[in-house]
Amino acid sequence: MKNLILLGASGNIGTQTIDVVRQHPTEFTIEAMSVGERTEALRDYLRTSPLKYACVKNKTIAEQFQKEYPATRFFHGDQGLIEITSIEEGNWVVNALQGFVGLLPTINAIRHKKNVCLANKETLVAAGEIVNRELRENKVELIPIDSEHSAIFQCLMGNRKKDVNKLIITASGGSFRNLKREELKNVTLAQALSHPNWNMGKKITIDSATMMNKGFEVTEAHWLFDIDYDRIETVIHRESIVHSLVEFNDHTVMAQLGVSDMRIPIQFALTYPKRYPNTSEALDLVKVGTLHFEMMNYERFPLLKLAYDTGKAGGNLSAVMNGANEQAVRLFLNEKIAFTAIEELIFETVSRAEYISNPTVEQIIESDRWAQEKVRQLARI
Ligand code: MG
């Protein structure tokens, strides 16, 4: 039995995790969950299922909940996310938080000897080296949930790492894949938020449109699979059926395929190394008919190139890039800046950053704070 602590339960990955757990009630139980501001999701959950612990963003709301549900213990705020990952009743943390706020709960979970199923990208982008060190020292596992990393993880099962030639990460191309760079000037928020293949949270949909998301995935793959950046490729694959591939030294290429349904990789992260039946749609290749692959254009998507560059430079630079992106995307979502300004602000911020080699957790947090503030300054907000 896996006893789960689910962080980010009201988001896209969080709600699908609850769906997966409900399909296998004898295998998994949710002992604790956190939601941010969408507390209705928590109320809905508590109507049908008990929880030992819960965390919400706001202190007053936590106190109201505590009166209504005395059998559950409530935490609140960023500190609450740390406390809820320390509880003894949970042995697996599913981190489906969005943004840099996901980092400290991951580290705390590992330090409390809990295995982690990770959907929070910012954890490894900002602090991959530190997280890997903590995993080694505490001897716990980290299993990726993101479809691309789940695909690579599955292709590597039963193979020797030294036989790997390269990883090939597929990219749908995002909302603006049919537009040229000069056509991006006047795009709207609503256009940016309509992804061709996946229904996801707002931030990751914007990150997909800028291709920053693919840059994050390259960085995550580097830390998850211990592979040099020069051996991680990206390719445009519009259908989002092949979720990623691994090429071995005998030129065998293994791929993982499936419909665009995140419940499949979420479930696999929970059941690994076993597989269970589910209610997801089966892949019908005849119905799909044709699969397309196109060369990635790094001039069209410079943030992807930037992720390679900051990743290779190491130190705190990926954390700076991540912080700048988080703030720039927030400003775009609040309609304070144009779509093309996201990229400009990130480049400008990274170029002004002070390089720190072998940063501590505190220095990563400070780099994130500095980058977010620098973006606001540069955007004059
Ligand atoms: Mg992905």
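Rules of the game
Residues numbered from 1 in each chain as written. Predicted model: local features only at pLDDT ≥ 70, side-chain atom pairs only at ≥ 80, totals over all residues. Heavy atoms only, no water. Salt bridge = Lys/Arg side-chain N within 4 Å of Asp/Glu carboxyl O. Helix = DSSP H or I, 4+ residues; strand = E, 2+ residues; numbered from the N terminus. Buried < 20%, exposed > 50% of the residue type's maximum accessible area, 1.4 Å probe, protein only. Contact = heavy atoms within 4.5 Å. Pairing = 2+ DSSP bridges. Right-handed = clockwise from strand over helix to strand, strands pointing away. Domains from an automatic or database assignment. Buried area = accessible area lost by both parts, 1.4 Å probe. Polar contact = N/O pair within 3.5 Å; in protein donor to acceptor, adjacent residues only side chain to side chain. Nonpolar A, V, L, I, M, F, W, Y, C, P; charged D, E, K, R; others polar.

Visitor: Any chance you could explain the pattern of salt bridges here in plain terms?
Guide: Taken as a whole and judged by the stated rule, the model has 26 salt bridges. D19 is the partner of R263 in a salt bridge, and the nearest nitrogen-oxygen pair spans 2.8 Å. With R263 in helix 11 (residues 263–271) and D19 in helix 1 (residues 12–23), this pair connects stretches of sequence that are 244 residues apart. Linking E148 and K214 is a salt bridge whose minimum nitrogen-to-oxygen distance equals 2.8 Å. Residue E148 is located in helix 7 (residues 147–156), and its partner K214 is located in helix 10 (residues 212–225); the two are separated by 66 residues in the primary sequence. The exposure classification of E148 matches that of K214, with both residues buried. Salt bridges here are not isolated pairs; linked through shared partners, they connect K121, D146, E148, K214 and E217.

Visitor: When you look at unusual backbone geometry in this model, what are you seeing that I'm missing?
Guide: Peptide bonds are, in most cases, trans, and in most cases residues other than glycine have a negative phi. At the junction of Y272 and P273, the peptide bond is cis and its omega measures out at 5° in the coordinates. Mapped onto the elements of the fold, P273 is located in the loop between helix 11 and helix 12 (285–288). Even without glycine at this site, K139 takes up a positive phi of about 55°. As for its placement among the helices and strands, K139 is situated in the loop between helix 6 (121–138) and strand 7 (142–144). Using a relative accessible area of 73% as the deciding quantity, one classes K139 as exposed.

Visitor: Looking at this structure, how should I read the environment of E326?
Guide: Structurally, E326 is set in helix 14 (residues 317–333). With 119 residues separating them in the primary sequence, E326 and D207 have C-alpha atoms 9.3 Å apart. What E326 contacts, discounting residues up to four positions off in sequence, is G99, F100, E122, K203 and Q372.

Visitor: I would appreciate a short explanation of the pairing of strand 6 (residues 115–118) in the present structure.
Guide: Along any regular strand the residues' side chains alternate between the sheet's two faces. Across the two faces of strand 6 the burial is the same, with N115 and C117 and V116 and L118 all buried. With three bridges connecting them, strand 6 and strand 7 associate as parallel partners. Following the sheet pairing, L118 is matched in strand 7 by P144. In terms of handedness, the path from strand 6 via helix 6 over to strand 7 forms a crossover that is right-handed.

Visitor: Can you walk me through the domain arrangement of the protein in this structure?
Guide: The domain architecture assigned to the protein consists of domain 1 (2–144), domain 2 (149–304) and domain 3 (314–381). Here the C-alpha centroids of domain 1 and domain 3 sit 26 Å apart. If you look at the interface, domain 1 gives 12 residues, while domain 3 gives 12 residues. Taken together, the two surfaces of domain 1 and domain 3 that pack against each other cover about 890 Å², and 69% of this comes from carbon and sulfur. Ranking the residues of domain 1 by area buried against domain 3 places F100, V125 and I130 at the top, with a combined share of 53%. Run the count over domain 1 and domain 3 and you get zero salt bridges. Taken together, the links from domain 1 to domain 3 amount to one residue pair in polar contact (both at pLDDT 80 or more). With six residues, the top contributor of residues to the side of domain 1 that touches domain 3 is helix 6. Taken together, the residues that form the side of domain 1 that touches domain 3 break down as eight nonpolar, one polar and three charged.

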